[in-house]
Amino acid sequence: MTSEPITVAITRHVDPERAKEVAAWARAGEYLLSESPGYLGSGWIRPDPTSTEWHMLFRFVDAESLATWERSPERAWWVASAQGLVEDGTQVRRTGIEGWFDTPASVEVISSAPPAPPRWKQMVAIFLVFYPLSLGANALLGAFIPDWPLWARALVAVVLVTPVMTYLALPFVTRALRPWLMRGRTG
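Description of the structure in this document.

Criteria and thresholds
- Residues numbered from 1 in each chain as written.
- Predicted model: local features only at pLDDT ≥ 70, side-chain atom pairs only at ≥ 80, totals over all residues.
- Heavy atoms only, no water.
- Phe/Tyr/Trp six-rings, centres within 6.5 Å; stacked < 30°, edge-to-face > 60°.
- Buried < 20%, exposed > 50% of the residue type's maximum accessible area, 1.4 Å probe, protein only.
- Helix = DSSP H or I, 4+ residues; strand = E, 2+ residues; numbered from the N terminus.
- Axes fitted to C-alpha atoms, helices over the stretch in contact; angles between N-to-C directions.
- Parallel < 35°, antiparallel > 145°, perpendicular 65-115°, else oblique.
- Contact = heavy atoms within 4.5 Å.
- Nonpolar A, V, L, I, M, F, W, Y, C, P; charged D, E, K, R; others polar.
- Polar contact = N/O pair within 3.5 Å; in protein donor to acceptor, adjacent residues only side chain to side chain.
- Pairing = 2+ DSSP bridges.

This part takes up the packing of aromatic side chains. Each aromatic ring pair is specified by the distance between its two centres and by the angle formed by the two planes. One pass over the full model with this rule turns up eight aromatic pairs. Ring centres 6.1 Å apart and planes at 90° place the aromatic pair Phe58 and Phe60 in the edge-to-face group. The two residues Phe58 and Phe60 agree in class, both being buried. Measuring from centroid to centroid gives 5.4 Å for Phe127 and Tyr131, while their planes differ by 10°, and the two rings are stacked. Placement of both Phe127 and Tyr131 in helix 4 (residues 119–144) is noted, with a separation of four residues, approximately one turn of the helix. In this structure Tyr131 comes out as partly exposed when scored by relative accessible area, which is 46%.

Here it is, written out as structure tokens:
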């Protein structure tokens, strides 16, 4: 038996109409797995809510720990409880170098970011930052380096204004305008 961590990926086929039941079954399995010696983590991945394929990943410290889980009465009960609920598909076990490319030991569902504000609102926010900064930088540079060619003064202005705009002014204005920017948007 190998002493390397082992990851098992199982594809199961599920009737989308029974997704809630299968989700409860999967949570029960993860709980049982988590109590097994050598367990490192697990998770379920569904390509989309209507997919019939569910992918389970679980990982143990070594093949011996995995074999202990596979022979356990808890696993036998859990697998038997899925009769008529899920249909087993493929199963892949990975150890060694392919572990560098392993999928995560757990899966966290993160809500998508709220939609961006409309482009015209973004343009207004940028204008409110850029125009005063640009005006101030050009006035200041015109006083200090009036004899420089336009391209050189513009370059110095951009080099000075860009970090101020990016790290200070634009975040400040965006926070201040957030209620207006996000009005009518849902996440």
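This part is about the packing of helix 1 (residues 19–34) against helix 3 (residues 73–80). Working note: a packed helix pair is described by the angle between its axes plus the distance between those axes. Their axes nearest at 10 Å, the elements helix 1 and helix 3 cross at an angle of 175°. Here helix 3 runs roughly antiparallel to helix 1, going by the angle between their axes. Residue-level contacts link Trp25, Ala28, Gly29 and Leu32 of helix 1 to Glu74, Trp77 and Trp78 of helix 3. Looking at the contact of helix 1 with helix 3 residue by residue, the class counts come to five nonpolar, one polar and one charged.

Along the chain, Ser51 turns up in the loop between strand 2 (39–45) and strand 3 (53–60). Residue Ser51 is classed as buried on the basis of its relative accessible area of 13%. For Ser51, the side chain forms a polar contact with the main-chain nitrogen of Glu53, separated by 3.0 Å. Once residues within four sequence positions are removed from consideration, Ser51 is found in contact with Val14 and Pro16.

Moving on: the sheet that holds strand 2. Remark on secondary structure: sheet strands pair via backbone hydrogen bonds, oriented parallel or antiparallel. A sheet is described by the order of its strands in space; here four strands give the open sequence 2-3-1-4, paired in antiparallel fashion. Because the sheet does not close on itself, it has two edges, and the strands there are strand 2 and strand 4 (86–94). Strand-to-strand twist of the sheet, defined as the mean angle between neighbouring strand axes without regard to direction, takes the value 15°. Sheet topology places strand 1 (residues 6–14) next to strand 4; seven bridges connect them, and they run antiparallel. Within strand 4, the position partnered with Val14 by the bridge is Val86.

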